[in-house]
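Here is how the chains run, residue by residue.
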Amino acid sequence: MERRELAISNCDREPVHIPGCIQTFGALIATGKHIETITHVSSNISDFVDVSPGDALGQPLNTLLPEDVIHTLRNIAGHPTIESQRERAGVYPLHQHTLDISLHRCGAHFLIELEPVASAQLDSQSAFTQVRMLLARLQEETTTPALLQMAVKDLQRVTEFDRVMAYQFLPDGAGEVVAEAMTDDLDPYLGLRYPASDIPQQVRGMALRMPIRAISNIDAPTADLIAADSAADPLDLSLTHMRAVSPIHLEYLANMGVQSSMNVAIIVRRQLWGLFAFHHKSVKLLSPDYRSTCDLFGQLFSLKFQLVLEEERFNTRKRTTSAISQFVQKLTSSGRFTQTVQALGEQLCSMLSAQGLAVIAKQEIQTHGDVPTHGIIRELVHQVQTHPCPDLIPLENLSQLNRLSTTQLGKTAGALCLGIAPSDDVFVIFFRHEMIYEVRWAGSPEKEIVEGANGPRLRPRTSFAEYREKIAGQCKPWSVLETEVALELRTGLMQLAISQGEVQQQEWLRQRRQQDLLIAELNHRVKNILALIRSISRQTRHSTTSIEEYTLLLDRRIAALAHAHDLVAGHGLEWPSLQNLVMTELRPYLGESEHQVSFSGPEAGLKANFVPMFALVIHELITNSAKYGALSVSAGKVDVRWKEQDGGLAIYWKESDGPTVFPPKRKGFGRTLIERAIPFEFEGEATLRFPRTGVQVNFWLPAHLILFQDDQPEVSSTPMPAFQSEEEPDLAPGHVLIVEDNMLLALEMENLLESLGFNDIDTAPRVKQAIKLLAQETYILGILDINLKEENSFDIARELIRRRIPFMFTTGYNSKFTLPEDLAIVPMLKKPIDGEQLNLTIHQLLA
């Protein structure tokens, strides 16, 4: 590996997620999985809670935080998204500070962030109102440039940063400033490019997980993280707001004259399209409320932006398709194919912004405009014929091809090769001139290489003054839209070639019949997809509790449909591969852990009109597995098997080696989709089971949805043992009484009990309601939360003892309540409740 490549690789591998320290605008505490014992603290913890790091490590959490805060944190710890996003617990007056407290889980640790909030920053309604006004204004814009410009202008006005930029990532990894708002005393960056190494790959990956990132002061000292166990692995701080900054990036910001910054990700189709970058010349940090609302703005802006991008693409394609249709109508069957196409050369070249074309039929070559020599053309034909996909090949730098003499290219630099009928030696090739142009960089992209702790690395450039680079030797790149236009042109040219006898008539008739079927099928599918998206939108709205959750779930479900559409479009409209569909949906969750998934079964295609719905079903399975099941841990396994059975295809999904499984507390849209979509719409079968060892799903698809590829080998990966039923034996039937004043926690407890075989469950939030239920029903078990807001559950406990009903306590507190002497032997579980511990305790009580 060359020294520059090694330096870039080292930058991409810098462990920015485990810096071992934090920014000092707040403090950090880490605990074990039960939120009890302090395992790590930041060295500045005494600035906020009046306890030194040495006195805090290894101690109970109530050494630093009061019991009511710990109780809230334990409740939040039960949220299903606690490992994928940071949750704010609230604002509390503690130790002469007003602290904003947040929590998230990373592996075996819970990370608690403490951030002081000034009294002037406590008006969260003001921040929310500002963002709501921004979103309302965005609805007026219908083009991407206008949308981006309005967003940066309004964000700069609301946040009062000196500069706000919209920064787009380009196909080669570099970035470009495409919209900008700034104060009058700054030099503009609009239109400038930044090399890919400015934002390394691992930082881009973290932006997808944590879409907002704030740096309050590049000159502020950092606070080291101190662990109770000096041999412990460093904490992953990817989801923390106060994660310390790479020294390389601090040097980069200093060279730009930036004292503080903030980034908000623009995410389109689960990919990082770009960023809103905020720069300020002095120290600046938005309040937690403002940062949260900016994060929400970024998510909703991304959805609006994706919609406008799709509308622009559709409108452009519609206009182009109309122009091609008019052109095809002008084609005549008189004369030879090469002469006819040559005569229309000017129109054809204008459609693709080409400067010349060559038409080849057998050994005959006709040209129009600027083209290379016939020798070059024949060599291109030879290379197209040996290409695995000869229908369309875009080339942007012909000088890099083997066996091509650059002296014979003339003005030509690139080509777009269309195989009209490669087997009959009929081709059309479009040519483009060399395009010499300048790229405006923010400083020279060639960075100095210096030695770092892990070998050579790139040093941030010291100047960001405009640097112009001359690009030569290649043509203007062929865009995706232009290649789509070329494929439509190919269809019309094939029709002409057949009418003039250059291509076998049977081939044309076959393709014409296929095209008619595809057009009819496309119209049908578009209507179905629109109806499906509308249904998904409504069902997702009914099954979510916040706009953030609704936005995330809706975006992911529509993205699953988009992936299914891409699969159909890329593999023929009739029978996309079952394995490809599953792998397409799995890829965003696996990263480098593809060993977690194994496949086995015959090569099988799925009928195209079935693919969108099946993709949603698979998406729900994978999403749930990634959140709660086998794919949520590195040791987890998913085995997917399929085989011919009963005249159709049986598909088996089995998870293992993941967390203990409990049936969901309610039947939401995702579960309904998995269980009902295939039986309801496609006359198939679906069975969903929740053995404690891992979710199991069996599908059966009727024959009309499946195409078996008889001449293809069986798909196979690491074999797994046959599926076996592993359900737990039911406990003794009977009524259970839950006393819990938090509705979400009560529902979670109901879910846990249902997974253990209890079906008759009553819940009471207060002592009075519980006593009333005891007078009406006979219970075999009680589960009592000790603290019920203004009262406790001790009177209920004594009533259960009088009735000889076994029970246990639950609590989010460590020591606020001392059990009375007559209740001291009652088992007590601490929140968040561990399912296995609950199961064990119930068995002991009912033994």
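Being a predicted model, the structure only gives us computed values, none of them experimental.

**So, the pairing of strand β12 (residues 260-268)**
Okay, so step 1: Across the nine residues of β12, eight count as buried, placing the element largely inside the fold.
Okay, so step 2: Strand direction decides the pairing type here: β12 and strand β13 (residues 271-280), joined by nine bridges, are antiparallel. Bridging from a neighbouring strand, A265 pairs with L275 of β13.
Okay, so step 3: Two successive antiparallel strands, β12 and β13, enclose a turn made up of two residues, where R269 displays a positive phi of approximately 55°.

**Re the sheet that holds strand β4 (residues 87-94)**
Okay, so step 1: Overall, antiparallel pairing links the seven strands, which are arranged β1-β11-β3-β2-β6-β5-β4 in an open sheet. A strand with exactly one partner marks an edge of an open sheet, and here the two such strands are β1 (21-23) and β4. With direction set aside, neighbouring strand axes in the sheet form an average angle of 25°.
Okay, so step 2: With five bridges joining them, strand β2 (residues 27-31) and strand β6 (residues 109-116) adopt antiparallel strand pairing. Bridge pairing links T31 to F110 in β6.
Okay, so step 3: Taken strand by strand, helix α4 (residues 67-77) contacts β4, β5 (97-106) and β6, and its axis lies near 180° from that of β4.

**Thoughts on helix α6 (residues 144-159)**
Okay, so step 1: With 16 residues, α6 ought to run about 22 Å at 1.5 Å a step, and its terminal C-alpha atoms sit 22 Å apart, in line with that.
Okay, so step 2: Among the residues of α6, those classed as buried are T144, L147, L148, M150, A151, V152, D154, L155, Q156, V158 and T159.
Okay, so step 3: Of the residues trailing α6, E160 is marked for its positive phi of about 65°.

**With respect to the sheet that holds strand β33 (residues 779-785)**
Okay, so step 1: The parallel open sheet is built from five strands, whose spatial order is β32-β31-β33-β36-β37. Of all strands in the sheet, those bounded by a partner on one side alone are β32 (760-764) and β37 (828-830). Averaged over all neighbouring strand pairs, the angle between strand axes comes to 20°, with direction disregarded.
Okay, so step 2: Relative to β32, strand β31 (residues 735-739) is paired through five bridges, and the arrangement is parallel. Following the sheet pairing, V739 is matched in β32 by A764.
Okay, so step 3: The sheet strands contacting helix α22 (residues 835-846) are β33, β36 (807-811) and β37, and the helix crosses β36 at an angle near 155°.

**Details of unusual backbone geometry**
Okay, so step 1: Within the chain, Q96 stands out as a residue other than glycine whose phi angle is a positive 65°.
Okay, so step 2: Relative to the elements of secondary structure, Q96 occurs in the loop between β4 and β5.
Okay, so step 3: Of note in this structure, D646 is not a glycine but carries a positive phi near 55°.
Okay, so step 4: As for its placement among the helices and strands, D646 is situated in the loop between β25 (637-645) and β26 (648-656).

**Brief notes about the pairing of β6**
Okay, so step 1: Among the eight residues that make up β6, six are buried, leaving the element largely enclosed by the rest of the structure.
Okay, so step 2: From the end of β5 to the start of β6, which pair antiparallel, there are two residues, and G107 there has a positive phi angle of about 65°.

**Description of the environment of L190**
Okay, so step 1: Its location among the elements puts L190 in the loop between β8 (175-182) and β9 (193-194).
Okay, so step 2: Through-space distance from the C-alpha of L190 to that of R440 is 9.9 Å; in sequence the pair is 250 residues apart.
Okay, so step 3: Sequence-distant contacts of L190, that is, excluding residues within four places in its chain, are made with V177, V178, A179, E180 and R440.

**Topic: the packing of aromatic side chains**
Okay, so step 1: One pass over the structure, following the stated rule, counts 13 aromatic pairs.
Okay, so step 2: Ring plane angle 65° and centroid distance 5.4 Å describe the contact between F161 and F278, whose orientation is recorded as edge-to-face. One end of the pair, F161, is in the loop between α6 and β7 (163-169); the other, F278, is in strand β13, and 117 residues separate them in sequence. Here F161 matches F278 in class, with each residue buried.
Okay, so step 3: Summarising the aromatic geometry, the rings of W273 and F305 are spaced 4.6 Å apart at their centres and angled 70° between planes, so their arrangement reads as edge-to-face. Here W273 is found in strand β13, whereas its partner F305 is found in helix α9 (residues 288-330), with 32 residues between them in sequence. In terms of burial, W273 and F305 fall into one category: buried.
Okay, so step 4: Ring-pair connections join several aromatic residues into one group, and the members of that group are W273, F276, F297, F301 and F305.
Okay, so step 5: Just above the ring of Y189 sits the side chain of R163; from NZ or CZ to the centre is 3.8 Å.
Okay, so step 6: Its guanidinium or amino end placed over the ring of F161, K284 lies 5.5 Å from that ring's centre, counting from NZ or CZ.

**Quick look at the packing of helix α20 (residues 767-776) against helix α21 (residues 794-802)**
Okay, so step 1: At a closest axis distance of 9 Å, the pairing of α20 and α21 adopts a crossing angle of 15°. In terms of orientation, α20 and α21 fall into the roughly parallel class. Every pair of crossing elements has a handedness; the one defined by α20 and α21 is right-handed. Contacts between α20 and α21 involve V767, A770, I771 and L774 on the former and, on the latter, I796, E799 and L800.

**Some words on the environment of I218**
Okay, so step 1: Following the sequence through the fold, I218 ends up in the loop between β10 (212-215) and β11 (222-227).
Okay, so step 2: Take I218: its relative accessible area is 12%, and that puts it in the buried class.
Okay, so step 3: Taking the C-alpha atoms as reference points, I218 and P247, 29 residues apart in sequence, are found 9.3 Å from one another.
Okay, so step 4: Excluding residues that lie within four positions of it along the chain, I218 makes contacts with L250, L253, A254, V258 and Q259.

**Focus: the confidence of the model for the chain**
Okay, so step 1: Confidence in the prediction of the chain, expressed as mean pLDDT, is 80, and 79% of residues score 70 or more.
Okay, so step 2: Within the chain, no element has a lower average pLDDT than helix α1 (residues 3-12), which sits at 49, and none a higher one than β2, at 97.
Okay, so step 3: For residues 568-573, every residue scores under 50 in pLDDT, and the model assigns this stretch nine contacts once sequence neighbours within four places are set aside.
Okay, so step 4: Predicted confidence for residues 718-730 stays below pLDDT 50, and this span has 24 contacts to residues more than four positions away or in other chains.

Calculation criteria
- Residues numbered from 1 in each chain as written.
- Predicted model: local features only at pLDDT ≥ 70, side-chain atom pairs only at ≥ 80, totals over all residues.
- Heavy atoms only, no water.
- Buried < 20%, exposed > 50% of the residue type's maximum accessible area, 1.4 Å probe, protein only.
- Helix = DSSP H or I, 4+ residues; strand = E, 2+ residues; numbered from the N terminus.
- Pairing = 2+ DSSP bridges.
- Axes fitted to C-alpha atoms, helices over the stretch in contact; angles between N-to-C directions.
- Contact = heavy atoms within 4.5 Å.
- Expected span 1.5 Å × (residues − 1).
- Phe/Tyr/Trp six-rings, centres within 6.5 Å; stacked < 30°, edge-to-face > 60°.
- Lys NZ or Arg CZ within 6 Å of the ring centre and 35° of its normal.
- Parallel < 35°, antiparallel > 145°, perpendicular 65-115°, else oblique.
- Left-handed = near helix turned anticlockwise from the far one by under 90°.
- pLDDT = per-residue confidence, 0-100.

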